[in-house]
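Results of the structural survey
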Amino acid sequence: MDNHPAVRVEQVPAARSAPDPAAPPLIPEPVEAPEPGRARRSRRWWLAMTGSVVGCGVLAAAVTLGPTSYRMLTQKDATLTTPPQAAGLTLDTTDHAQSTADDLRTVLDAGFTVKGSVAAVYGDPENANRSVLFVGGTGFLSRPDRELTALFSLLNDQGGTVGDVHAVDAGPLGGTMKCGSAKSSDGDLTVCGWADYGSLAMAMFPDRDESDSARLLRDLRSAIEKR
């Protein structure tokens, strides 16, 4: 028989891990389950907090970007027409009036990139000396207020001088509207214009004060501009 070193029982892993038959069985301690109500409250709290954070982000974006984006979407596709009757005035179709309107369109087209431009002379049936000269164009304007200021400057470059240009009420169609005063060989006149994200226009009002001119341009705009 070969000589082998004696192996003691405590050196055998199975023997070391085997339970003592005389010892009582080990019973695992029970794990306390969370109360159902508390778990539901915790879940609702996290959902509420997550919703609040997301809601605040959406609200902030709506406050900063929403109104401007909405105005862009609703104003960008404007069209301008010159109907036969507008704001109590009548479209002047004489050759002289047409020639004057064509000159106005040429000035606008030279100074601005517009998709479509229109110009017209509207006569006042009660006073022939108070005819209104109108010109406007359509196209996307990213900064309406700046474009309207540039239109007044363009008029100055053509030999006129419009002073005291300031903002006035633009009316229900929104955007920006400004008026100023100028002098011509035929006397004083008021110049008013509007601009939004889809259109730019200006009108000259001989023998009318600013209040009457601004009101008349708002009425003309309602008849001329469509979206």
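First things first, this report covers the structure right here in the doc. (Residues numbered from 1 in each chain as written. Predicted model: local features only at pLDDT ≥ 70, side-chain atom pairs only at ≥ 80, totals over all residues. Heavy atoms only, no water.)

A closer look at the overall build of the protein chain
- On a plain count of helices and strands, the protein chain comes out with 5 helices and 10 strands.
- Counting over 227 residues, the protein chain shows a buried share of 31%.
- Across the protein chain, contacts joining residues at least 24 apart in sequence account for 61% of those joining residues at least 6 apart.
- Of the accessible surface of the protein chain, which amounts to about 14,600 Å², a share of 58% is contributed by carbon and sulfur atoms. (Helix = DSSP H or I, 4+ residues; strand = E, 2+ residues; numbered from the N terminus. Buried < 20%, exposed > 50% of the residue type's maximum accessible area, 1.4 Å probe, protein only. Contact = heavy atoms within 4.5 Å. Areas by Shrake-Rupley, 256 points an atom, 1.4 Å probe, with all protein chains shown as cover.)

Focus on helix α5 (residues 210-224)
- Taking 1.5 Å of rise per residue, 15 residues should cover 21 Å, and α5 covers 20 Å from first to last C-alpha, within 8% of that figure.
- When we look at burial in α5, the residues that qualify are Asp 212, Ser 213, Ala 214, Leu 216, Leu 217, Leu 220, Arg 221 and Ile 224. (Expected span 1.5 Å × (residues − 1).)

Overview of the side chain of Asp 212
- Within the secondary structure layout, Asp 212 lies in helix α5.
- According to the relative accessible area criterion, Asp 212 is buried, its value standing at 17%.
- Within the local environment of Asp 212, its side chain forms a polar contact with the side chain of Arg 208, the two groups lying 3.0 Å apart. (Polar contact = N/O pair within 3.5 Å; in protein donor to acceptor, adjacent residues only side chain to side chain.)

Considering the state of the cysteines
- What the rule picks out here adds up to 1 disulfide.
- Put simply, Cys 179 and Cys 192 are joined by a disulfide, and their sulfur atoms are 2.0 Å apart. With the S-S bond torsion at 110°, the cross-link from Cys 179 to Cys 192 turns out right-handed. Highlighted residues: Cys 179 in strand β7 (residues 176-184) and Cys 192 in strand β8 (residues 187-195), separated in sequence by 13 residues. (Disulfide = S-S within 2.5 Å.)

Some details on the nonpolar core
- Among the nonpolar cores identified, the biggest contains 22 residues, and Tyr 122, Val 132, Phe 134, Trp 194, Phe 205, Leu 217 and Leu 220 are the most heavily contacted of them.
- Going through the elements one at a time, β4 (116-124), β5 (127-138), β7, β8, β9 (199-206) and α5 are the ones with two or more residues in this core.
- Here this core takes 5 residues from α5, the largest share from any one element.
- Setting aside its immediate chain neighbours within four residues, Tyr 122 contacts Thr 82, Pro 83, Pro 84, Ala 86, Leu 89, Thr 90, Leu 91, Asp 92, Ser 131, Val 132 and Ile 224.
- Residues Ala 101, Val 135, Leu 200 and Met 202 belong to the second largest nonpolar core, which totals 20 residues. (Core = buried A, V, L, I, M, F, W, Y, C linked by side-chain atoms within 4.5 Å.)

Re helix α3 (residues 95-111)
- For α3, spanning 17 residues, the distance from its first C-alpha to its last is 25 Å, which sits close to the expected 24 Å at 1.5 Å a residue.
- Residues Ala 97, Ala 101, Leu 104 and Leu 108 constitute the buried set of α3. Within α3, the buried residues cover an arc of 60° as seen down the axis, which keeps them to one side. Turned more than 90 degrees from where α3 packs its buried face, Asp 95, His 96, Asp 103, Thr 106 and Ala 110 sit exposed.
- Buried residues belonging to α3 abut β4, β5, α4 (144-157) and β9. (Arc of directions from axis to C-beta.)

Some words on the packing of aromatic side chains
- What the rule picks out here adds up to 2 aromatic pairs.
- Their ring planes at 20° and their centres at 6.4 Å tell us that Phe 140 and Tyr 197 sit as a pair that is stacked. Remark: Tyr 197 occurs in the loop between β8 and β9 and Phe 140 occurs in the loop between β5 and α4; sequence separation between them is 57 residues.
- Classification of Tyr 197 by relative accessible area gives buried; the value is 11%. (Phe/Tyr/Trp six-rings, centres within 6.5 Å; stacked < 30°, edge-to-face > 60°.)

Focus on the pairing of β7
- Pairing of strand β6 (residues 162-168) with β7 involves 5 bridges; the strand directions are antiparallel. Bridge assignment links Val 162 to a residue of β7, and that residue is Ala 182.
- Pairing analysis gives 9 bridges linking β7 to β8, with the strands arranged antiparallel. Within β8, the residue paired with Gly 180 across the bridge is Val 191.
- A loop of 2 residues connects β7 with β8, the two strands running antiparallel in sequence. (Pairing = 2+ DSSP bridges.)

Observations concerning the sheet that holds β6
- Reading across the sheet, the 8 strands line up as β2-β3-β4-β5-β9-β8-β7-β6 and stay open at both edges, with antiparallel pairing between neighbours. Strand pairing shows two members of the sheet lacking a second neighbour, β2 (85-86) and β6, which therefore form its edges.
- The sheet contact formed by β4 and β5 spans 8 bridges and is antiparallel. Looking at the pairing, Val 121 lines up with Leu 133 of β5.
- The strands touched by α3 within the sheet are β4, β5 and β9, with β4 carrying the most contacts at an inclination of about 145°.
- Sheet contacts for α5: β2, β3 (89-91), β4, β5, β6, β7, β8 and β9; angle to β8, the most-contacted strand, approximately 40°. (Axes fitted to C-alpha atoms, helices over the stretch in contact; angles between N-to-C directions.)

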